Amino acid sequence: MMQAAYNKAAQTLVVKSSSDEEAKIIAETVMTAFNRGNRDVNSLAALAVITAINTHPGVTGLHLDEPKKYA
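Residues numbered from 1 in each chain as written. Predicted model: local features only at pLDDT ≥ 70, side-chain atom pairs only at ≥ 80, totals over all residues. Heavy atoms only, no water.

J.: Sorry, what's going on with the overall build of the protein here?
T.: Across its full length, the protein holds 3 helices and 0 strands. The linear arrangement of helices and strands in the protein, starting from the amino end, is α-α-α. The buried share of the protein, taken over its 71 residues, is 32%. Nonlocal contacts in the protein, meaning residues at least 24 apart in sequence, comprise 49% of its contacts between residues at least 6 apart. (Helix = DSSP H or I, 4+ residues; strand = E, 2+ residues; numbered from the N terminus. Buried < 20%, exposed > 50% of the residue type's maximum accessible area, 1.4 Å probe, protein only. Contact = heavy atoms within 4.5 Å.)

What follows is the structure in structure tokens.
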């Protein structure tokens, strides 16, 4: 379940490898939300994407002039 959420979020953000900063943010976010009881793959992935965007605005595929998104 966590792997599926990670894969979905990484695909959305076009993460190139697990060593990328975005990949670490996604993994940490998915694990934290899962440990807090979130068991929905789509919800986990969406939260990871939003967190990555807000934490690192330069993630691949995003425009810097876009407003931040909140969960």
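Alright, that's what it looks like, and here's the rest.
J.: Help me understand helix α1 (residues 2-13) in this model?
T.: Turn by turn, an α-helix covers 3.6 residues, leaving residues three or four places apart pointing in a common direction. Taking 1.5 Å per residue, 12 residues should reach 16 Å; α1 reaches 16 Å between its end C-alpha atoms and fits that length. Of all the residues in α1, the buried ones are A5, Y6, A9, A10 and L13. In an axial view of α1, the angular spread of the buried residues amounts to 125°, which keeps them on one side of the axis. In α1, those exposed residues whose orientation departs by more than 90 degrees from the buried face are Q3, Q11 and T12. Residues of α1 that are buried sit in contact with α2 (21-35) and α3 (41-55). (Expected span 1.5 Å × (residues − 1). Arc of directions from axis to C-beta.)

J.: When you look at the packing of α1 against α3 in this model, what are you seeing that I'm missing?
T.: The geometry of a pair of packed helices is captured by two quantities: the angle between their axes and the separation between those axes. Here α1 crosses α3 at 45°, and the two axes come no closer than 8 Å. Classified by the angle between their axes, α1 and α3 sit oblique to one another. When the axes of α1 and α3 are compared, the crossing they make is right-handed. Listed contacts from α3 to A4, A5, K8, A9, T12 and L13 of α1 are V41, N42, L44, A45, A48, V49, A52 and I53. (Axes fitted to C-alpha atoms, helices over the stretch in contact; angles between N-to-C directions. Parallel < 35°, antiparallel > 145°, perpendicular 65-115°, else oblique. Left-handed = near helix turned anticlockwise from the far one by under 90°.)

J.: I keep staring at the packing of α1 against α2 and nothing clicks. Help me out?
T.: Two numbers describe how α1 lies on α2: the axes approach to 10 Å, and their chain directions differ by 145°. Crossing geometry of α1 relative to α2 is assigned as right-handed. Contacts from M2, A5, Y6, A9, A10 and L13 of α1 reach α2 at A23, I26, A27, V30, M31 and F34. When its residues are assigned to classes, the contact of α1 with α2 shows 12 nonpolar, no polar and no charged. (Nonpolar A, V, L, I, M, F, W, Y, C, P; charged D, E, K, R; others polar.)

J.: Is there a simple way to think about the nonpolar core in this case?
T.: Within soluble globular proteins, side chains that are nonpolar generally end up buried alongside one another. Residues Y6, A9, L13, V15 and I26 are the most contacted members of the largest nonpolar core, which totals 18 residues. Counting only elements with at least two residues in this core, the list comes to α1, α2 and α3. (Core = buried A, V, L, I, M, F, W, Y, C linked by side-chain atoms within 4.5 Å.)

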